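# Overview (structure and organization)
Here are the chains, one letter per residue:
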Amino acid sequence: MSKFLRYWQWAEAAIAVIAFTLVALALIVDVSGRELYALATTLGLKEFARDWLGGTFGAQRFAVHATQVAGMLGFCIVVAVGGHLRPTVVDRLFPERHDRLVNRISDLLSAAICLGLAWICWEFVESTRRNAEISMVFQVQIWPFQLILPYVFLSGGLRYVIFALLPAHRPETTGMAA
């Protein structure tokens, strides 16, 4: 199970890195094109600038979608490494000897919340698909971009279930206590 959880985390992190890299590339190409366009028109190369330079169509919208993917996968990574914020008020309500039980209950509660959110997000994506909503920039349906929403909550929920059932695989909490 440890190996599976490591590969799962690695895959999500790799996709997030690729998404952030695509964001950077799209914005670099877009900004560079606009800056070169301005330079070329300043130098009197208006026809060249008009035909060959300028911002890249859809680059900013693409960057927004890629940022959404990378940012949402950050949720999965934080759950995987135990880096989430958590209230510590419950820690003081029970003696330390009950920590394992409290952790299991909190993992099951977190799993229920995440799985419920996954279901709600799935319904949202499904309604977008049924309504055939399209991206105004790319003229494609937007529901494939939205699939990241139910995925991240399903991923988090399944991890919490694993942590509750197999506490040896639960990461140490490294996040800030509130």
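Residues numbered from 1 in each chain as written. Predicted model: local features only at pLDDT ≥ 70, side-chain atom pairs only at ≥ 80, totals over all residues. Heavy atoms only, no water.

### What about the nonpolar core?
Counting residues in hydrophobic clusters, the biggest one holds ten residues: A16, A19, A70, L73, C76, A118, C121, I148, V152 and F153. When residues of this core are traced back to their parent elements, those giving at least two are helix 1 (2-42), helix 3 (59-81), helix 4 (99-130) and helix 6 (148-165). Those residues within four positions of L73 in sequence are excluded, and the remaining contacts are E12, I15, A16, I148, Y151 and V152. Residues V79, A111, Y160 and F163 belong to the second largest nonpolar core, which totals five residues. (Core = buried A, V, L, I, M, F, W, Y, C linked by side-chain atoms within 4.5 Å. Buried < 20%, exposed > 50% of the residue type's maximum accessible area, 1.4 Å probe, protein only. Helix = DSSP H or I, 4+ residues; strand = E, 2+ residues; numbered from the N terminus. Contact = heavy atoms within 4.5 Å.)

### Re the confidence of the model for the protein
Averaged over the protein, the pLDDT score is 87; the fraction of residues at 70 or greater is 92%. Confidence scores differ between elements of the protein, with helix 2 (residues 46-52) showing the lowest mean pLDDT of 73 and helix 6 the highest of 96. (pLDDT = per-residue confidence, 0-100.)

### Observations concerning the packing of helix 1 against helix 3
When two helices pack together, their arrangement is captured by the angle between the axes and the distance separating the axes. Relative orientation of the contacting elements helix 1 and helix 3 amounts to 155°, with a least axis distance of 8 Å. By the angle class used here, helix 1 and helix 3 are roughly antiparallel. Handedness of the crossing formed by helix 1 with helix 3: left-handed. Of the residues belonging to the contact of helix 1 with helix 3, the class tally is 20 nonpolar, three polar and three charged. (Axes fitted to C-alpha atoms, helices over the stretch in contact; angles between N-to-C directions. Parallel < 35°, antiparallel > 145°, perpendicular 65-115°, else oblique. Left-handed = near helix turned anticlockwise from the far one by under 90°. Nonpolar A, V, L, I, M, F, W, Y, C, P; charged D, E, K, R; others polar.)

### Remarks on the packing of aromatic side chains
With the rule as written, the count across this model stands at three aromatic pairs. Centroid distance F75 to F153: 5.5 Å. Interplanar angle 55°. Geometry classified as tilted. On the criterion of sequence distance, the pair formed by F75 in helix 3 and F153 in helix 6 is long-range, its members being 78 residues apart. Overall, F153 belongs to the buried group, its relative accessible area being 17%. With a centroid separation of 6.1 Å and 90° between ring planes, the pair formed by Y160 and F163 is classed as edge-to-face. With Y160 and F163 both in helix 6 and three residues apart, the pair spans about one turn of that helix. Pair check on accessibility: Y160 and F163 agree, each one buried. Lying over the aromatic face of W8, R159 brings its terminal NZ or CZ to 4.1 Å of the ring centre. (Phe/Tyr/Trp six-rings, centres within 6.5 Å; stacked < 30°, edge-to-face > 60°. Lys NZ or Arg CZ within 6 Å of the ring centre and 35° of its normal.)

### Re the pattern of salt bridges
Scanning the model with the defined rule gives five salt bridges in all. Two residues, R130 and E126, come together in a salt bridge whose shortest N-O distance is 3.8 Å. Of this pair, R130 and E126 both sit in helix 4, separated by four residues, roughly a single helical turn. Through salt bridges that share partners, E126, R129 and R130 make up one connected network. (Salt bridge = Lys/Arg side-chain N within 4 Å of Asp/Glu carboxyl O.)

### Side note on the environment of M1
Mapped onto the fold, M1 is located in the segment before helix 1. What makes M1 partly exposed here is its relative accessible area of 44%. In this structure, M1 is in contact with I162, L166 and H169, ignoring residues within four places of it in sequence.

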